[in-house]
Amino acid sequence: MKRFVLLFIVLLTGYAQAQLTNITISKGVDNPTRIAVVPFNYSGPKLAEDIPEIIRNDLNFSGQFESISVDKMISYPQSEAEIRYRDWKMINAEYLLIGGITLQSGRYIATYELFDVAQQKRVLIKNSVEGSDAQLRDMAHRISDKVYETITGIRGIFSTKIVYVEAFQKPAKYRLMLSDVDGARSRALLESKQPILSPVWSADGTRIAYVSFETNDPFIYVQNIATGRREQVTNFKGSLNGAPAFSPDGQKLALVLSKDGNPEIYVLDLATRVFTRVTNHFAIDTEPSWTADGSGIFFTSDRAASKAQIYKVTLATGQTERVTFDGEYNARGRVSPDGKSLIVVNRREGDTYHIAALDLKSGNLRVLTETNLDESPSIAPNGAMLMYATSSGGKGILAAVSLDARTKVKLPSKQGDVREPAWSPFF
Amino acid sequence: MITKAMKQGLTFAVVMAFLVGCSSSDSKKKPAPAPAPAPVVEKVEAPVVKQIANVVYFEFDKYDLTPESRAVLLAHAEKLKASSVAVRLEGHADERGSREYNMALGEKRAKAVRDFLVLQGVKAASLETVSYGEERPVALGHDEASWSQNRRVEVKY
């Protein structure tokens, strides 16, 4: 019965064709923090990656920083002694990052130091990261994370990854892609002639689950990212098998099956392989997602006059309450890491579909996006940004927005329609 | 392929004309008691028409069958009762809204078609249902012209 249809699995290492390119900031905060990342001191054969440039792009991506371009810099200090603060005040830099790279026994070591320009003082003692030549990008992202966290107090997400679906037409082809959060180093985890949807990460970042139609019917698969090994975990023919969501402890998978007559939420214990039914209503119940402590599940249901709204069920008691009231349509709720907000796909009367944040305490709903036909929001593990799918120029693209809606970023792709981003946890 | 589509369209029109001809709900009632003319349809095609449209369409966010859909499905029901062929009913939705909710909507549509066919006497065991949600659109535009083509159930023999 279990068919490991490995025919369609292609693990492509290296750079795949359809990368997310040219991240464009549509809107940043009103007063982004201006930072100068000076070219690092290095003498040696040309490096495969430009570490300072990756750092500049990372900080720009957050929308909270504006990286000063190299051609605006008046001097290029390589040590604290070489810093002339007036050069940096003149170009309105608030922070200055300098660094150097050396090669020692086949390993690269990058050191970096951060300074506050107005106060003319050091903010970070000399830190270092090291890695092999294949890890230069990782080293750059670690530096970005440290700089971001030092200045904002929030943990950086530059070392995280995303999984997304890429779709092509004529002939129809679908790929499940993994890449760095900036779109680099993308590779296909699965390739198929049939649709792939609903990718999600486990909380420890080692596995993903997704729905694949590769056998002609939709079933749920769990795949180990590092090894590529995967397992089909549902096999209900003639039923929906969809919307998987790992529990916070990684031991269970909430999912949707319609085998008992109509779409209901079930929880699959991954160890015992026992399915436990959670909802019991003749309406559509779908899109489960867990509360942070694993005690409850948010889900979409059209039980209220056939209009999709979000509900929450407490697993121990079965008690269910409606959570969304603003708008004609609310679906696909995901709770923020701090547990305070529920990110939803919302449609108000007369408007189109947007991503919105519901304050779970006050019930106040804030629409975050201005793009059209927005769907599939995925929150960054630091809770500061979210990525979602939208349409631009007739093509599916990914976009990102900060939770306070002040930063808007677009990530267009070279080929195909890109959608269903799933932001990894911290590793 | 174009020829086949034209045949389907003509067949659909024929079925529709037959239905409309038989319909008695005409809002502009004429006072003259002239008998209803016999449907012109009789003379057009000689043998039993074998080609039926293989798609039925739905209104936005709805899964109930329109009169047009029923007509098409009635023809399928006759065909299915006559033979013991198995059929796969594939439900779809347009792109608006979340993907998994659209999977559920596509399934509701496929099941609505299945339930209608079963009511007409088709064996339930010969009917398989599956939903593709919004994943396999036939029309790729972002407007009602495309969306209306995507809200459908396909009858696959």
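Residues numbered from 1 in each chain as written. Chains lettered and ligands numbered in written order. Predicted model: local features only at pLDDT ≥ 70, side-chain atom pairs only at ≥ 80, totals over all residues.

(A) Structural detail: the interface of chain B and chain A. Taken residue by residue, the interface counts 19 residues in chain B and 28 residues in chain A. Broken down by secondary-structure element, the contributors of at least two residues to the side of chain B that touches chain A are helix 3 (99-119) and strand 3 (127-133) of chain B. Per-element tally for the side of chain B that touches chain A: the top contributor is helix 3 of chain B, with six residues. Partitioning the side of chain B that touches chain A into residue classes produces six nonpolar, five polar and eight charged. (Contact = placed C-beta atoms within 7 Å. Helix = DSSP H or I, 4+ residues; strand = E, 2+ residues; numbered from the N terminus. Nonpolar A, V, L, I, M, F, W, Y, C, P; charged D, E, K, R; others polar.)

(B) Focus on unusual backbone geometry. Geometrically, the link from K170 of chain A to P171 of chain A is a cis peptide bond, its omega value of 0° lying close to zero. Inspection of the secondary structure assignment puts P171 of chain A in the loop between strand 7 (161-168) and strand 8 (173-180). A positive phi angle, close to 50°, is found at S105 of chain A, a residue other than glycine. Tracing the backbone through its elements, the reader meets S105 of chain A in the loop between strand 4 (95-104) and strand 5 (107-116). Taking the number of C-beta atoms within 10 Å as the measure of exposure, S105 of chain A has 4 and is therefore exposed. Residues other than glycine seldom take positive phi values, yet D61 of chain B does so here, at roughly 60°. Along the polypeptide, D61 of chain B turns up in the loop between strand 1 (55-57) and helix 2 (67-82). By C-beta crowding, D61 of chain B is classed as partly exposed, having 19 other C-beta atoms within 10 Å. (Buried ≥ 20, exposed ≤ 12 C-beta atoms within 10 Å, placed from the backbone.)

(C) Inspection of helix 2 of chain B at higher detail. All names here are of chain B. The end-to-end C-alpha distance of helix 2 is 23 Å, a good match for the 22 Å that 16 residues give at a rise of 1.5 Å each. By the burial criterion, the buried members of helix 2 are S69, V72, L73, H76 and L80. Down the axis, helix 2 shows its buried residues gathered within 95° of arc, on one side only. Turned more than 90 degrees off the buried face of helix 2, the exposed positions are P67 and A82. (Expected span 1.5 Å × (residues − 1). Arc of directions from axis to C-beta.)

(D) Structural context of the domain arrangement of chain A. Residue and element names in this part refer to chain A. Domain assignment breaks chain A into domain 1 (24-152) and domain 2 (162-423). Each partner contributes to the interface: domain 1 provides 12 residues, whereas domain 2 provides 10 residues. Looking at the side of domain 1 that touches domain 2, the elements with two or more residues in it are strand 1 (24-27) and helix 1 (51-61). Counting residues per element, the side of domain 1 that touches domain 2 draws most heavily on strand 1, at four residues. Taken together, the residues of the side of domain 1 that touches domain 2 break down into three nonpolar, six polar and three charged. (Domains from an automatic or database assignment.)

(E) Looking closely at the sheet that holds strand 2 (residues 87-92) of chain B. Residues and elements named next belong to chain B. A sheet is described by the order of its strands in space; here four strands give the open sequence 1-4-2-3, paired in mixed fashion. Here the strands that pair on one side only, and so sit at the sheet edges, are strand 1 and strand 3. Recorded for the sheet is a direction-independent mean angle of 20° between the axes of neighbouring strands. Direction of pairing for strand 2 relative to strand 4 (residues 152-156): antiparallel, over a ladder of four bridges. In the sheet register, E90 faces strand 4, and the bridge partner there is E154. (Pairing = 2+ DSSP bridges. Axes fitted to C-alpha atoms, helices over the stretch in contact; angles between N-to-C directions.)

(F) Helix 3 of chain B, seen in detail. Residue and element names in this part refer to chain B. Here helix 3 contains 21 residues, and its C-alpha end-to-end distance of 30 Å stays within 8% of the 30 Å for a straight helix at 1.5 Å per residue. The buried fraction of helix 3 amounts to 17 of the 21 residues, a majority that puts the element mostly inside the structure. The first or second residue beyond helix 3 is G121, which carries a positive phi of 105°.

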